[in-house]
Structures are given as C-alpha cells and as structure tokens.
Amino acid sequence: MNFDAVTIMALLGELGATLSGGRVQDTLEVDEESIGLEIYANHQRHYLLLSAHQQFARVHLSSETLRRGVEAPSPLGLLLRRYVEGAWISAVRQPPWERVLLFALAGPQGVFSLIDEPMERRANLLLVRDDGIIVECIRRVGPQENRVRVSLPGKPYQPPPPQRLKRDPLALTLTLLGDMLDNEPGARAREILTRRVLGISPLLGKEIVFRATGGINTKAADTSARALLA
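The shown structure was predicted, so the numbers you read here are calculated from the model rather than taken from an experiment.

### Re the pairing of strand β8 (residues 124-129)
Burial runs high along β8: five of the six residues are buried. Taken together, the six bridges between strand β7 (residues 110-117) and β8 define a ladder with antiparallel strand orientation. Bridge pairing in β8 places I115 opposite L126. The loop that links β7 with its antiparallel partner β8 comprises six residues; one of these, E120, has a positive phi angle of about 50 degrees. Here three bridges tie β8 to strand β9 (residues 134-137), and the two strands are oriented antiparallel to one another. Note on β9: the bridge partner recorded for V128 is I134. The hairpin turn running from β8 into β9, its antiparallel successor, is four residues long, and G132 in that turn takes a positive phi close to 90 degrees.

Structure, rendered in structure tokens:
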C-alpha cells in the first residue's frame, strides 16, 4: 500500500472514528521498527500497528492480536510503557497534505503526542512532550545525517519543511492547471502533478492521469486540463 498524504487522509477518518476517546491498555514492540498499541475504545479492543520500516512503513488497525517480537525493550519501548500505557487518545490529526499522523495522548504522566511518519527511508516514530520536546524516537537522526530535521531526545520536534513551491489541490483552478501543462508540454502529465501539487504521490499521479486520458504516460501537451481537474 502506498502511504501518500491522500491515503493518510482516508486513514485519518477511520482511526479518528475508531480510536478517539479510547484508552491505551498496552504497548509492545512488534519488531525493532514497529510498535503495537492495544486500545479499548467504543466498547471494543483494537490493535494499532505503527511501523517505521524504511521500505514498508505503515500504520493501520490489525484484525489480529499483536505480539511482542523483541527480547529486550528499546529505550522508546520503555518510555512508551511509562508515558503511553493508561493514556487516553484525545485526537488523531494530520498536518495538511503531510505524510504524518499525530496521536494526541493525555494520561497520568501528562500530555504527549505519538507522531508517526510513514515516509519510507525517512520513516520515524516519535514520542513528543506537550512543549514540543522529543522524549524518544525509534530512529535517532543527528545533525550529521539531517541538518534541517534533527530527531534526538531533548531536542525540539521539527515537522516536515513546508513545500512552498507546490499548489494545494483543493485550490487548483482550470487556469492554474492549464498553465502547469502549457509550461512543460513535453513532460509527462503525471510527473508535473507529482512535482507541482501537494499530496500527489507518483502512484496517485498515475491514477489521476489514467482516469483523465486513458494512459499513464500521456504528455502534458496531449492532456486536457479540464479532464485532469475533474
């Protein structure tokens, strides 16, 4: 499954309706890159998997009971037991057009956020205090690896940098889309969408262009802006 921003928007609706107001009864480490939460909400027990795998990052509800898969708990695993077990999920949020899910938690130890970033190579899972300071994360990233976004305990959490050169798809007009196509007539329409529009992954770009033109490699010059916008 491709976890682009639009997929996460759909997932947000499911998770919000299912888990908001629920209580985290247990936390466990499914493997070295995945965390499981047992949540009691709406008179039912639910299992949530959050994976920061660098190739198969994902987050979803599981129909099966999740099992512990590591011999010794990691620093994040220990802190999840302390701060997340017994906490209530007050909200599930997504920053606009970002591949990020934020679980707002309120428990005996205070208010925290469990932030999941299913971004393949940059995938991470972070426990963050209410003041924005990182408590721990599944993948520590120092300044030598990323000068823009350091992910280390005791450092402020930095959200993904804004994509200022991309357009909000909900604000696109026929004129704006037509200009994008006209400026690069020899480029593939799907690549223009991916580069110029927020939330459009390569897979979603292919799907949109296929529905508009009947093919995935249609050039911008051969693409109807009206059909694409529709």
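### A word on the packing of helix α4 (residues 189-196) against helix α5 (residues 202-213)
Packing of α4 against α5 brings their axes to within 8 Å, and their N-to-C directions diverge by 135 degrees. In terms of orientation, α4 and α5 fall into the oblique class. By crossing handedness, the relation of α4 to α5 is classed as right-handed. Here A189, R190, L193 and T194 of α4 lie close against α5, whose contacting residues are P202, G205, K206, I208 and V209. Looking at the contact of α4 with α5 residue by residue, the classes come out as five nonpolar, two polar and two charged.

### Section: the nonpolar core
Counting residues in hydrophobic clusters, the biggest one holds 29 residues, and the most contacted among them are L15, L37, L48, V59, F103 and L127. If we ignore the near neighbours within four places in the chain, the residues touching L48 are L15, L19, I35, G36, L37, I39, V59, H60, L61, L66 and F103. A187, L193, A220 and L228 belong to the second-largest nonpolar core, a separate cluster that totals 14 residues.

### Quick look at the environment of A227
Summarising the element assignment, A227 is placed in helix α6 (residues 225-229). With relative accessibility at 30%, the residue A227 sits in the partly exposed group. In the structure, A227 is positioned 53 residues away from L174 in sequence and 9.6 Å away in space, judged by C-alpha atoms.

### Looking at unusual backbone geometry
Of note, N42 is a non-glycine position whose phi angle comes to about 50 degrees, a positive value. Looking at the element boundaries, N42 is found in the loop between β2 (34-41) and β3 (44-51). With a phi angle near 60 degrees, W97 is a residue other than glycine that sits in the positive phi range.

### Remarks on the layout of surface pockets
For the largest pocket, the calculated volume is near 760 Å³. Lining of the largest pocket is provided by 32 residues; of these, R99, M119, E120, R122 and P160 occupy positions nearest its centre. Its residues assigned to classes, the lining of the largest pocket shows 13 nonpolar, eight polar and eleven charged. By volume, the second largest pocket is sized at about 370 Å³.

### What to know about the packing of aromatic side chains
According to the stated counting rule, one finds one aromatic pair in the structure shown. Taking 4.7 Å as the distance between ring centres and 45 degrees as the angle between the ring planes, the aromatic pair formed by Y83 and F112 counts as tilted. With Y83 in helix α2 (residues 75-83) and F112 in strand β7, the pair connects residues that are 29 residues apart, well separated along the chain. Comparing Y83 with F112 shows no difference in burial state: the two are buried.

### Notes on the packing of helix α3 (residues 174-183) against α4
In contact at an axis separation of 10 Å, α3 and α4 are set at 120 degrees when each is read in the N-to-C sense. Classified by the angle between their axes, α3 and α4 sit oblique to one another. Where α3 crosses over α4, the two elements pack in a sense that is right-handed. The residues of α4 that touch α3, namely those facing L177, M180 and L181, are A189, I192, L193 and R196. Looking at the contact of α3 with α4 residue by residue, the class counts come to six nonpolar, no polar and one charged.

Thresholds applied
Position numbers for residues count from 1 along each chain, tracking the sequence in the order it is written. This being a predicted model, a pLDDT of at least 70 is required before a residue's local features are given, and a value of 80 or more before pairs of side-chain atoms are given or counted; all residues contribute to the totals for chains, interfaces and linings. Side-chain measures were taken over the full set of non-hydrogen atoms in the model, leaving aside hydrogen atoms and water. For every residue, the accessible area obtained with a 1.4 Å probe (protein chains only) is divided by the maximum for its type, and the residue is called buried under 20%, exposed over 50%, and partly exposed between those limits. The way it works is that DSSP assigns letters per residue, a run of H or I at least four long becomes a helix, a run of E at least two long becomes a strand, and they are numbered from the N terminus. Being paired, for any two strands, means DSSP has found at least two bridges between them. Fitted lines through C-alpha atoms serve as axes, helices being fitted only where they are in contact, and the angles separating the N-to-C directions of these axes extend from 0 to 180 degrees. Here the angle decides the label: under 35 degrees means roughly parallel, over 145 means roughly antiparallel, 65 to 115 means roughly perpendicular, and every other value means oblique. Rotating anticlockwise by less than a right angle from the far helix to the near helix defines a left-handed crossing, while the corresponding clockwise rotation defines a right-handed one. Between two residues, a contact is recorded if the distance between any of their heavy atoms is within 4.5 Å. Nonpolar residues are Ala, Val, Leu, Ile, Met, Phe, Trp, Tyr, Cys and Pro. Charged residues are Asp, Glu, Lys and Arg, and all others, Gly as well, are polar. To define a nonpolar core, start from buried Ala, Val, Leu, Ile, Met, Phe, Trp, Tyr and Cys residues and group those joined through side-chain atoms within 4.5 Å. Lining residues are defined by having an atom within 4 Å of a point belonging to a cavity or pocket. Those points lie on a 1 Å grid over the protein atoms alone, cavities being sets where a 1.4 Å probe fits but cannot get out and pockets being open sets with protein on both sides within 12 Å along at least five of seven lines. Grid points are joined across faces, edges and corners, and a volume is the space filled by probe spheres set on the points. Any Phe, Tyr or Trp ring, taking Trp's six-membered ring, that has another such ring centre within 6.5 Å forms a pair; planes under 30 degrees apart are called stacked, those over 60 apart edge-to-face, and the others tilted.

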